[in-house]
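A structural walkthrough
Chain residues, written in single-letter form:
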Amino acid sequence: MPIRTDYCGELSLEHVGQTVTVAGWVDTRRVHSEHLAFVDVRDNTGVVQVVVDEKLDVRSEYVVAVTGTVRARPEGMVNEALASGEIEIADTTVEVLNTAEPPPFPLNERTDVDEKIRLKHRYVDLRRDRMQRNMRARAKVNSAIRTAMERQRFVEIETPMLIASTPEGARDFVVPSRLHPGNFYALPQSPQLFKQLSMVGGMDRYYQIARCLRDEDLRADRQFEFMQLDAEASFVTQDDVFEFISEAVASAAEAVTGERPTEFPRMSWYEAQERFGSDKPDVRFGMELNELTHLFAETESNVFKTPVVKGICMPGGADELGRNRIDQLTADAKRWGAKGLAWFRVKEDGLEGALTKFMSDDEMAGVQTELGASPGDMVFLIADTRRTANKVLGLLRLELGRPPVNDGGFNFLWITDFPLFEDVVDGNPIPAHHPFTMPHVDDVHLLDTAEGDEWLDIRSQAYDLVLNGWELGSGSIRIHRSDIQAKIFDILGIGAEEQQVKFGFLLDAFRYGAPPHGGFAFGIDRLTALLVGEENIREVIAFPKTQSGADPLTNAPTPADPAHLDELGLRVLPRQD
């Protein structure tokens, strides 16, 4: 006889009269008399009520198998909260397959449990409905992505986990080699170089659900280990990349939510910065940044004699924000790089605030008009450089208005035309991406003429996909022409010897005919978290690390065995900070 014939949450009125066997964990037990008890049995599909007509010693989380007859619940006893709430199993025989100690925390969703305790006992935590739902949603995401990519003629290729260290912009995890003493492998931060080599190899369309590792500080949306869809294609334009990635993301979203997103609008990096102060704008709410510099062209106020003045309006903020909150926002603005924060309450007769005595009537009226502010609103201004004004107001906007992670639906947005260089230091441009990013076709000529801050005007063919203010991933069209690649290396001060050391095997491969190609990668952890409404990606990872990088379950990281270190020819020295 099988241990199980049916799943708890799938039983319904259609099964009435049938003899079934279910197996799972005891969720709750309610004793009505010495010989009558109601036991809720739980498996990964849900819970079913079992009527036990004998004295039975079972406790929460005991593992049981129950055989009995499905019957409709008596009138008035239906449980609408359960998928199986119209039926119960009676005339039962209960077999205890394993006993269990009391769990370290309640498994219901009504109890808040310290995360370290949850992660230390993750095998218990995974039994909760929330984690069961999240893990199964993640599996749907992976399956939908694979189907969508293969439907678009992509080939799944596995790339190595032990590689040479690459300049990805974050710290590598390194692995000592026993066979080559004193030498180390690196764990891949991404399969970037290998997927480009696949293009040289004529694979045409590559994808991989890749495990990547970066030794960087952890946050709500970042772990040491993360999974991403990694894709690369030959003979494609930026529009082609948008199309096949949007198809994969839409398929994943539909698999989890049942609704397929159809709109993936585009916005340039410059527009995103000017309107939202961010390269990953959350467009679910307003409070957009407005240009006010022209209003203060003739100002007498030293506060506003700056290159740029911009502002935002918070509807209803005059009543919502007290002085303590405003003081905290002012401190935040300074911490983010501003010299200060100008704020005004909007009254029936105009603006009210400490700085109004330094402003003309036209300036105050203009601010209110440009921001569309009405009585009861709150107005905030930043007077500084354009970069600082955009950054600080963008952060302030999120602080004041950002809704919960999944409120307002799913707003996907492609950000395009990122700058090729992010800064200029001592006259030398600093790249915003890896040095294989193709410049915008209309800006290639500027590589020969740019000086000083003109470097920052050169656009790249790099792009990001954003969802509800989270960056899902990024990509670019790659440089495949040796003359442009040599020019970029020269601009960045990367000489021939350094090129060979850092990128030699890729440059050598390019000598044998590299097709035009481009690609993208997005985080599966982040996408899944957003689709199920989680603020932290740890809630969609089966066995994550804490924010400090520790694993309470296995106690990792741990010291290495001295014998192992001897075999590798290593010794541990005190850290030099």
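Residues numbered from 1 in each chain as written. Predicted model: local features only at pLDDT ≥ 70, side-chain atom pairs only at ≥ 80, totals over all residues. Heavy atoms only, no water.

Describing the overall build of the protein
Scanning the protein from terminus to terminus reveals 14 helices and 22 strands. Seen through its principal axes, the protein has C-alpha atoms that stretch 90 × 75 × 50 Å. Expressed as a percentage of its 577 residues, the buried residues of the protein come to 48%. Contacts in the protein between residues at least 24 apart in sequence constitute 67% of all its contacts with a sequence separation of at least 6. Carbon and sulfur atoms make up 49% of the accessible area of the protein, which totals about 29,000 Å². (Helix = DSSP H or I, 4+ residues; strand = E, 2+ residues; numbered from the N terminus. Buried < 20%, exposed > 50% of the residue type's maximum accessible area, 1.4 Å probe, protein only. Contact = heavy atoms within 4.5 Å. Areas by Shrake-Rupley, 256 points an atom, 1.4 Å probe, with all protein chains shown as cover.)

Some thoughts on helix H8 (residues 323-335)
Its 13 residues give H8 an end-to-end C-alpha distance of 18 Å, which sits within 8% of 18 Å, the value for a rise of 1.5 Å per residue. Turning to H8, its buried residues number three or more, namely Ile 326, Leu 329, Thr 330, Asp 332 and Ala 333. In a view along the axis of H8, the buried residues occupy a sector of 160°, so they form one face of it. When the buried face of H8 is taken as reference, the exposed residues oriented beyond 90 degrees from it are Asn 324 and Arg 335. Buried residues in H8 make contact with strand S14 (342-347), strand S16 (378-384) and helix H10 (386-401). (Expected span 1.5 Å × (residues − 1). Arc of directions from axis to C-beta.)

Regarding a negative patch on the surface
Judged by side-chain charge, Glu 422, Asp 423, Glu 451, Asp 453, Glu 454 and Asp 457 come together as a negatively charged surface patch. Tracing the chain through its elements places Glu 454 in the loop between strand S19 (428-431) and strand S20 (462-467). (Patch = residues over 30% accessible without salt bridge, like charges linked within 9 Å, V, L, I, M, F, W, Y side chains within 5 Å. Salt bridge = Lys/Arg side-chain N within 4 Å of Asp/Glu carboxyl O. Lys, Arg positive; Asp, Glu negative; His and termini not counted. Charge placed at Lys NZ, Arg CZ, Asp CG, Glu CD.)

A few points about the sheet that holds strand S17 (residues 412-416)
Read across the sheet, 8 strands follow the order S6-S9-S10-S22-S21-S20-S17-S11 without closing on themselves; strand pairing throughout is mixed. Edge strands, defined here as strands with exactly one partner in the open sheet, are strand S6 (155-156) and strand S11 (266-268). Relative to strand S10 (residues 225-234), strand S9 (residues 205-213) is paired through 9 bridges, and the arrangement is antiparallel. Bridge pairing in S10 links Leu 213 to Glu 225. Lying over the sheet, helix H4 (residues 192-200) contacts S9, S10 and strand S22 (517-523), oriented at roughly 25° with respect to S10. (Pairing = 2+ DSSP bridges. Axes fitted to C-alpha atoms, helices over the stretch in contact; angles between N-to-C directions.)

Description of the packing of helix H3 (residues 129-151) against helix H13 (residues 524-532)
In the contact formed by H3 and H13, the axes pass within 10 Å of each other and the chain directions differ by 120°. On the basis of their axis angle, the class for H3 and H13 is oblique. H3 and H13 meet at a crossing whose hand is right-handed. For the pair H3 and H13, contact is made by Asn 134, Ala 137, Arg 138, Val 141, Asn 142 and Ile 145 and by Ile 524, Asp 525, Leu 527, Thr 528, Leu 531 and Val 532, respectively. In terms of residue class, the contact of H3 with H13 is made up of 7 nonpolar, 3 polar and 2 charged. (Parallel < 35°, antiparallel > 145°, perpendicular 65-115°, else oblique. Left-handed = near helix turned anticlockwise from the far one by under 90°. Nonpolar A, V, L, I, M, F, W, Y, C, P; charged D, E, K, R; others polar.)

What about the nonpolar core?
What tends to happen in soluble globular proteins is that the nonpolar side chains get buried as a cluster. Within the largest apolar cluster, 55 residues are counted, with the highest numbers of intra-cluster contacts made by Ile 145, Met 149, Ile 245, Phe 522 and Leu 527. Counting residues per element, this core draws most heavily on helix H5 (residues 238-257), which supplies 9 residues. In contact with Met 149, other than residues within four places in its own chain, are Phe 154, Tyr 207, Leu 229, Ala 231, Phe 244 and Ala 248. In this structure, Phe 285, Ala 338, Trp 343 and Ile 382 belong to the second largest nonpolar core, which totals 22 residues. (Core = buried A, V, L, I, M, F, W, Y, C linked by side-chain atoms within 4.5 Å.)

Notes on the pattern of salt bridges
Counted under the stated rule, the structure contains 41 salt bridges. The salt bridge involving Asp 27 is made with Arg 42; its shortest N-O contact spans 2.6 Å. Of this pair, Asp 27 sits in strand S1 (residues 19-33) while Arg 42 sits in strand S2 (residues 36-43), placing them 15 residues apart in sequence. Judged by relative accessible area, Asp 27 falls into the partly exposed class, the value being 28%. We note a salt bridge from Glu 539 to Arg 130, for which the minimum N-O separation is 3.7 Å. Residue Glu 539 is located in the loop between H13 and helix H14 (562-568), and its partner Arg 130 is located in helix H3; the two are separated by 409 residues in the primary sequence. With a relative accessible area of 7%, Glu 539 lands in the buried category. A single salt-bridge network, built from bridges that share partners, covers Arg 118, Arg 122, Asp 125, Arg 128, Arg 130, Glu 534 and Glu 539.

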